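Secondary and tertiary structure notes
Here is how the chains run, residue by residue.
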Amino acid sequence: MNPLALILIMSTVFFSTTLVLISSNWLTIWVGFEMNMLAMIPILMKKFNPRATEAATKYFLIQATASMLLMAAITMNFIHSGEWTVTKMCNTIPSTIITMAMAMKLGMSPFHFWMPEVTQGIPLSSGMLLLTWQKIAPISVLYQIMPTINLNLMLAMALLSILVGGWGGLNQTQLRKIMAYSSIAHLGWMMAIMLYNPNIAILNLLIYILMTLSTFMMLHHNSTTTILSLSHLSNKMPLMTIILLLILMSMGGLPPLSGFMPKWMIIQELTKNDMMLLPTLMAMMALLNLYFYLRLTYSTTLTMFPTPNNMKMTWQFQHNKHMKLVSPLIILSTMILPLTPIMSNLI
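Keep in mind the model is a prediction, meaning the values are calculated, not measured.

Observations regarding the packing of helix α2 (residues 26-44) against helix α6 (residues 124-131)
Packed helices, taken two at a time, are described by the angle their axes make and the gap between the axes. Relative orientation of the contacting elements α2 and α6 amounts to 155°, with a least axis distance of 9 Å. It follows from the interaxial angle that α2 and α6 lie roughly antiparallel. In this structure, α2 uses M40, I43 and L44 to contact α6, whose residues at the interface are S126, L129 and L130. The class makeup of the residues in the contact of α2 with α6 is five nonpolar, one polar and no charged.

Re helix α4 (residues 92-106)
Over its 15 residues, α4 runs 21 Å from end to end, which matches the ideal 21 Å to within 8%, given 1.5 Å per residue. For α4, every residue scored as buried is listed here: P94, S95, I98, T99, A101, M102, A103, M104, K105 and L106. For α4, the elements touching its buried residues are α2, α3 (50-81), α5 (114-121), α7 (136-144), α8 (151-168) and α9 (175-194). The N-cap residue of α4 is N91: its side-chain oxygen and the backbone nitrogen of I93 are 3.3 Å apart. Looking at the residues trailing α4, positive phi occurs at G107, about 90°.

Here we look at the nonpolar core
Residues W26, Y59, I98 and M191 are the most contacted members of the largest nonpolar core, which totals 102 residues. Take this core: its biggest share by element is 13 residues, from α9. Per-domain counts for this core show at least three residues from each of domain 1 (1-137) and domain 2 (150-346). In this structure, Y59 is in contact with N36, M37, M40, I41, L44, W114, V118, L130 and Q134, ignoring residues within four places of it in sequence.

Concerning the pattern of salt bridges
Between side chains of opposite charge, a pair can form when the charged atoms approach closely. Overall, the coordinates contain two salt bridges when judged by the stated rule. Here E54 makes a salt bridge to K58, at a shortest N to O gap of 3.0 Å. Placement of the pair is E54 and K58 together in helix α3, with a separation of four residues, close to one helical turn. For E54, a relative accessible area of 39% translates into the label partly exposed. Assessed through its relative accessible area of 28%, K58 is described here as partly exposed. Close ionic contact of K177 with E117 constitutes a salt bridge, the shortest N to O distance being 3.4 Å. Of this pair, K177 sits in helix α9 while E117 sits in helix α5, and the two are 60 residues apart along the sequence. Taking relative accessible area as the criterion, K177 reaches 17% and is therefore assigned buried.

Quick look at the layout of surface pockets
Roughly 560 Å³ of volume is contained in the largest pocket. Contributing to the lining of the largest pocket are 24 residues, with M10, S125, M128, L129 and L213 lying nearest its centre. Residue assignment for the lining of the largest pocket shows that the elements contributing at least two residues are α1 (3-22), α6 and α10 (198-222). Per-element accounting of the lining of the largest pocket gives the leading share, six residues, to α10. Along the lines of polarity and charge, the residues of the lining of the largest pocket split into 15 nonpolar, six polar and three charged. Counting contributing residues per domain, the lining of the largest pocket is built from domain 1 (1-137) and domain 2 (150-346), each supplying no fewer than three. The volume enclosed by the second largest pocket comes to roughly 200 Å³.

A word on unusual backbone geometry
Cis geometry marks the peptide bond from S109 to P110; its omega dihedral reads 5°. Among the secondary structure elements, P110 is positioned in the loop between α4 and α5. The omega angle of the peptide bond from P255 to P256 is 5°, so this bond is cis rather than trans. Examined against the element boundaries, P256 turns out to sit in the loop between α13 (238-252) and α14 (260-272). Here the phi dihedral of D274 falls at roughly 60°; this positive angle occurs in a residue that is not glycine. Looking at the secondary structure, you find D274 in the loop between α14 and α15 (277-301).

Calculation rules
- Residues numbered from 1 in each chain as written.
- Predicted model: local features only at pLDDT ≥ 70, side-chain atom pairs only at ≥ 80, totals over all residues.
- Heavy atoms only, no water.
- Axes fitted to C-alpha atoms, helices over the stretch in contact; angles between N-to-C directions.
- Helix = DSSP H or I, 4+ residues; strand = E, 2+ residues; numbered from the N terminus.
- Parallel < 35°, antiparallel > 145°, perpendicular 65-115°, else oblique.
- Contact = heavy atoms within 4.5 Å.
- Nonpolar A, V, L, I, M, F, W, Y, C, P; charged D, E, K, R; others polar.
- Expected span 1.5 Å × (residues − 1).
- Buried < 20%, exposed > 50% of the residue type's maximum accessible area, 1.4 Å probe, protein only.
- Polar contact = N/O pair within 3.5 Å; in protein donor to acceptor, adjacent residues only side chain to side chain.
- Core = buried A, V, L, I, M, F, W, Y, C linked by side-chain atoms within 4.5 Å.
- Domains from an automatic or database assignment.
- Salt bridge = Lys/Arg side-chain N within 4 Å of Asp/Glu carboxyl O.
- 1 Å grid on protein atoms, 1.4 Å probe; cavity = no way out; pocket = protein on both sides within 12 Å on 5 of 7 lines; lining within 4 Å.
- Points joined across faces, edges and corners; volume = space filled by probe spheres on them.

Spelled out as structure tokens, the structure:
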């Protein structure tokens, strides 16, 4: 892609999300989502092939449907309230429709079917953007309309997302699909706590973005897209296999790693609100995610003895890709659990 065109498209993605974040008017939020969708399509089709075209088409159809639902809901809300202000939600029906539209944009269950397929058909760099930056705008809208959201609907979608995110990733061999199902499960955890303590949901989103960025950067550095190619990593870069192991265990939510912090705080907050069954089910379904993270860890570190290759002929060329900011990302993805008391006091 032409560098100037890429800069223009990336700046449009950035400014459209910023427009959604700072807007208090439904029309400007809708315009921000439309700009974002149209700017994302060339990024998804960066490598022009039939898989990328199919993925971009699916993305366009889903996002356009969600935008149509959003426009219908805000028009309905304007008829009832006479205002375009985000906080003026006078009826539960527009609120429910907006919740469903945002769930479609996020890829939450039961609107999750597009997410693994689109992620699988696009390059790793585009997948990283889709699974991190693209979550910010819809979650900010849900944050703003939080008092009017139907609690039972949100909890049902959250539980279903955790279940689907764990169950769907079990039999996968493609790393991009595994990361997509991991994203669906993490979204379930965020939405489960959104109506009780939205600040914890935002903290969960930040830690999820840090962990996903670290994982995608290392996969992109090695051009690794399958579990089979991941198993060759220990022969070439033993240190990277250890780092990847730590980040995957952090994504699974194991102490003493960073990923345990949001799960701990979510379970604690739900328990404070006399919800015993919900956090128990969520913790049990999170074991499904942990299983396929362990599967990745096993294939990376335990299937081949980590010795250097002694062949004189180079069987794998050195990579020229530079991993900028990956060191602080790895530290933040694995070592910030001791900051939990500070975070609890701030939230």
